[in-house]
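Understanding the architecture of this molecule
So the chains spell out like this:
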Number of protein chains: 2
Amino acid sequence: MISVEEARAKLYDLATPVGVETVPLAQAAGRILAQDVSATRDQPPFAASSMDGYAVKRAEVELHAMFKLVGESAAGHGFAGRVGPGQAVRIFTGAPVPEGADFVVIQEDVTARGNLITITDDPGDKDNIRPAGGDFRAGDTIGAPRRLRPADIALLAAMNIPAVPVSRRPQVALISTGDELVMPGGEPGPDQIIASNTFGLKALFDAEGAQTRILPIARDRVSSLETALNLARGADLVITIGGASVGDHDLVAQVAEGLGMDRAFYKVRMRPGKPLMAGHLAGASMVGLPGNPVSSMVCGHIFILPMLRRMMGFVPADPQLKEGQLAEPLSANGPREHYMRACIGSGGLTAFPSQDSSLLTVLADADALILRPPNDPPRDAGDTVFYLPL
Amino acid sequence: MISVEEARAKLYDLATPVGVETVPLAQAAGRILAQDVSATRDQPPFAASSMDGYAVKRAEVELHAMFKLVGESAAGHGFAGRVGPGQAVRIFTGAPVPEGADFVVIQEDVTARGNLITITDDPGDKDNIRPAGGDFRAGDTIGAPRRLRPADIALLAAMNIPAVPVSRRPQVALISTGDELVMPGGEPGPDQIIASNTFGLKALFDAEGAQTRILPIARDRVSSLETALNLARGADLVITIGGASVGDHDLVAQVAEGLGMDRAFYKVRMRPGKPLMAGHLAGASMVGLPGNPVSSMVCGHIFILPMLRRMMGFVPADPQLKEGQLAEPLSANGPREHYMRACIGSGGLTAFPSQDSSLLTVLADADALILRPPNDPPRDAGDTVFYLPL
């Protein structure tokens, strides 16, 4: 048996970078920036007023000073001339500060009468001017890799970058296996259940940036598995669910090998989700996940999301654990790393009493997976633990 | 001036529920469940083995006990008969436990020879059986409203719910205003800048569940604003950016009133983002946001995302603040609620030195907005503050 970290390292070796594509800015949100991009201009491109008011010379600013209005500078329409001694230009927020002026008196501090203005309130020392290039300068970069958040999208727009180099979406093909499975909406026989893993995993992977296809369920026959695996062609990552254990009905590894897979089979020292199969198949990476609903979802978080992040060139790729306090004590852990479904309350983290890997209701109610290292001793309420937010 | 909370309450009054639509399960991830849904079956639908092994009668289980193999129960193919005294049925994980059996001896504890098996290792007390309905029962519900996460999608699948009632996506129309604006990819004149707010806000709103259209930039002319506002028809929420202040060039309120808007104009006691316009226009809600890039994004977080959540029937709709420690001291706050861009490090929260509302770079670097209440006194490193994660 190998550790979770060792298993993840082996999966990283299978995570081939997906390459770069260019998408329009309006479609870049949430994508991973794949190459540094540079501003094509300064922002602001000129010294700009931060207030509505009057642009004047700072040396002339004092209470009761009078100025003659000689023009206007509005956003998009600057004042073409120069502000001379004793002159003022009406100016609006965001408008270029005209040449000759180096101070904006806010309109609340001024009384205007016809063509004359008088400073009638203490204008203070603040010049109310944003210097040219104060936000960014041409050539300033946004560094890759970076998951583009709304503020990044606004910044890219301001930098006049209308198309953005991002990592291509990894194409994932999901195959669930087993004679017991029926698609949602189907009519299960008395010994059958509804396929749920593929739907949960698709939601998980797509939210991370993948494009996931759910393939037909593979039955427990060689020909059915071959059909499904052949339908997966073109994917960057093929994931099978179930049939990767040691029972008599576990055909996936055998069939995949028949199709040319160079297979590794890992027993991972973890709960839930012990068996894991991985290899290369026809140019794609392939991973076999356990079939228990919770095991497959936990393995999705612990192994597949990190692989997808690697494929998209995103760092850090490992799950980002947080520290938190236990609200309730925990008994000692066994020899396997245990990911315990838990909820986060005002008093801290509480693990659910039942951690059976078949219980999807408990996973749906959980906010977090508490990480228990192998042989972790009993823990008290108030102890600090690592957890993965869900 | 009114408080942020008062302004949000007024905006909630404008947030009309968008109603319900039914989407296929594979497209329901991230959507808001709009009506309670109920499982149509028990899970598991039968008592199921949790291990690969042999189904027998518990009363007969002891070290060295021998059993005669009478059949097999595989996932999807149960054993049709009944397990009698001295009999065992080969069983696989997830398969139905046959009638007459109430214990599964795991295969590692058994030696099989031909048709006979012998228990050759202590089988323990655990029956390795998952009871019927142990995860959920027919009629068990998932309660609305709830944002559907991957585990929920898996659970809905297991419940055999192939189509899901979710809140319709609010249709948002975004109009930026101003002669100074040029779309990304355009060639700005010397007094112009690139429109960035609409792109940042679209990313923000779409991630929350909206479908956002960016409309043509409205110029500082009545006819141009009328054109843009008419193009917004059909939207649930119309948002204008800029032109809602008190300067001479602020036409939006005037034009919107001309088109029949019942307008309210709020000065909100907050930084950044003081002026806010809101009302009804031709069956839609309309909000005017300030034009400064950071102000518009902060108002998006503080006002518009809560409105969208309300429109989708999601509770709680208010921004979910967290508590954190300051890594660096903060000077006293003025009379307005201040949302300070900050980054989160291992030592806690550090506000950026410059909080000017024109600096998009500072917003893009920020992980959090620290909330300073009006007239908040100076704060020391280590003090607890509220913040909104970004």
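Along each chain, numbering runs from 1 in the same order as the chain's sequence is written. To read the labels, note that chains go from A and ligands from 1, taken in the order they are written. Confidence filtering applies because this is a predicted model: local features only for residues at pLDDT of at least 70, side-chain atom pairs given and counted only at 80 or more, and all residues used for totals across whole chains, interfaces and linings. Hydrogen atoms and water are omitted, and side-chain values are computed over all heavy atoms in the structure.

The name given to chain A in an unreviewed UniProt entry is Molybdopterin molybdenumtransferase, with Lutimaribacter marinistellae as the source organism. UniProt positions are given in the numbering used here, feature names are shortened, and annotations may be inferred rather than shown by experiment. Under Catalytic activity (unreviewed entry), UniProt gives the following word-for-word description of chain A: "adenylyl-molybdopterin + molybdate = Mo-molybdopterin + AMP + H(+)". UniProt, in its Sequence similarities (unreviewed entry) section for chain A, records the words "Belongs to the MoeA family."

Examining the overall build of chain A
Secondary structure elements are defined from DSSP: runs of H or I of at least 4 residues count as helices, runs of E of at least 2 residues count as strands, and each element is numbered from the N terminus. Assigned secondary structure in chain A consists of seven helices and 28 strands. Its C-alpha atoms give chain A a radius of gyration of 31 Å, clearly above 21 Å, the size a compact globule of 390 residues would have. Along the longest, intermediate and shortest principal axes, the C-alpha atoms of chain A span 95 × 50 × 40 Å. Out of the 390 residues in chain A, the part that is buried amounts to 55%. Pairs of residues are marked as contacts when any of their non-hydrogen atoms sit within 4.5 Å. Counting contacts in chain A only where the partners sit at least 6 residues apart, residues at least 24 apart contribute 68% of the total. Counting 35 positive and 44 negative side-chain charges, chain A places the averaged centre of each group 3 Å from the other. The globule rule used for comparison is 2.2 Å times the number of residues to the exponent 0.38, while the radius of gyration itself is calculated over C-alpha atoms. Exposure classes here rest on a 1.4 Å probe applied to the protein chains alone. A residue is buried below 20% of its type maximum, exposed above 50%, and partly exposed in between. When charges are counted, Lys and Arg contribute as positive and Asp and Glu as negative, whereas His and the chain ends are disregarded. By convention, the point assigned to a charge is CZ for Arg, NZ for Lys, CD for Glu and CG for Asp.

Here's the deal with the sheet that holds strand β15 (residues 171–176) of chain B
All names here are of chain B. Here a strand pair is declared whenever DSSP counts at least two bridges between the two strands. Sheet architecture is open: six strands sit in the order β18-β15-β19-β23-β22-β20, paired in mixed fashion. This sheet does not close on itself; its edge strands, each paired only once, are β18 (211–214) and β20 (262–267). Each adjacent strand pair in this sheet contributes to an overall mean axis angle of 20 degrees, direction not counted. The pairing of β15 with β18 spans four bridges and is parallel. For Val172, the partnering residue across the bridge sits in β18 and is Thr212. Contacting β20, β22 (275–281) and β23 (284–289), helix α1 (residues 4–14) crosses the sheet at an angle of about 20 degrees to β22. Here, axes are lines fitted to C-alpha atoms. For helices the fit covers the stretch in contact, and angles between N-to-C directions go from 0 to 180 degrees.

Remarks on the relation of the copies chain A and chain B
Between the two copies of this chain, the relationship is a rotation about some axis together with a displacement along it. C-alpha atoms of residues with pLDDT of at least 70 in both copies form the basis for the least-squares superposition of the copies. Least-squares fitting of chain A to chain B yields an RMSD of 0.0 Å, with the transformation described by 0.0 Å of translation along the axis and a rotation of 180 degrees. Seen this way, the second copy is the image of the first under a two-fold rotation axis. For chain A, the minimum C-alpha distance to the rotation axis belongs to A:Ala207 and amounts to 5.3 Å. A share of 100% of interface residues in chain A that are also interface residues in chain B marks the association as one of identical surfaces.

Let's talk about the sheet that holds strand β7 (residues 87–91) of chain B
Residues and elements named next belong to chain B. Reading across the sheet, the six strands line up as β8-β5-β7-β6-β10-β9 and stay open at both edges, with mixed pairing between neighbours. Looking at the sheet topology across the chains shown, the edges are occupied by β8 (103–106) and β9 (110–113). Strand-to-strand twist in this sheet, taken as the mean axis angle between neighbours without regard to direction, amounts to 40 degrees. Examined bridge by bridge, β9 and strand β10 (residues 116–119) share four bridges and lie antiparallel to one another. The partner of Arg113 across the bridge, within β10, is Leu116.

Concerning the pairing of strand β25 (residues 337–345) of chain A
Residue and element names in this part refer to chain A. Sheet analysis places strand β21 (residues 270–271) next to β25, joined by two bridges and oriented parallel. The partner of Arg271 across the bridge, within β25, is His338. Inspection of the sheet shows β25 paired to strand β27 (residues 368–372) by five bridges, in the antiparallel sense. From the neighbouring strand, His338 faces β27, where its bridge partner is Arg372.

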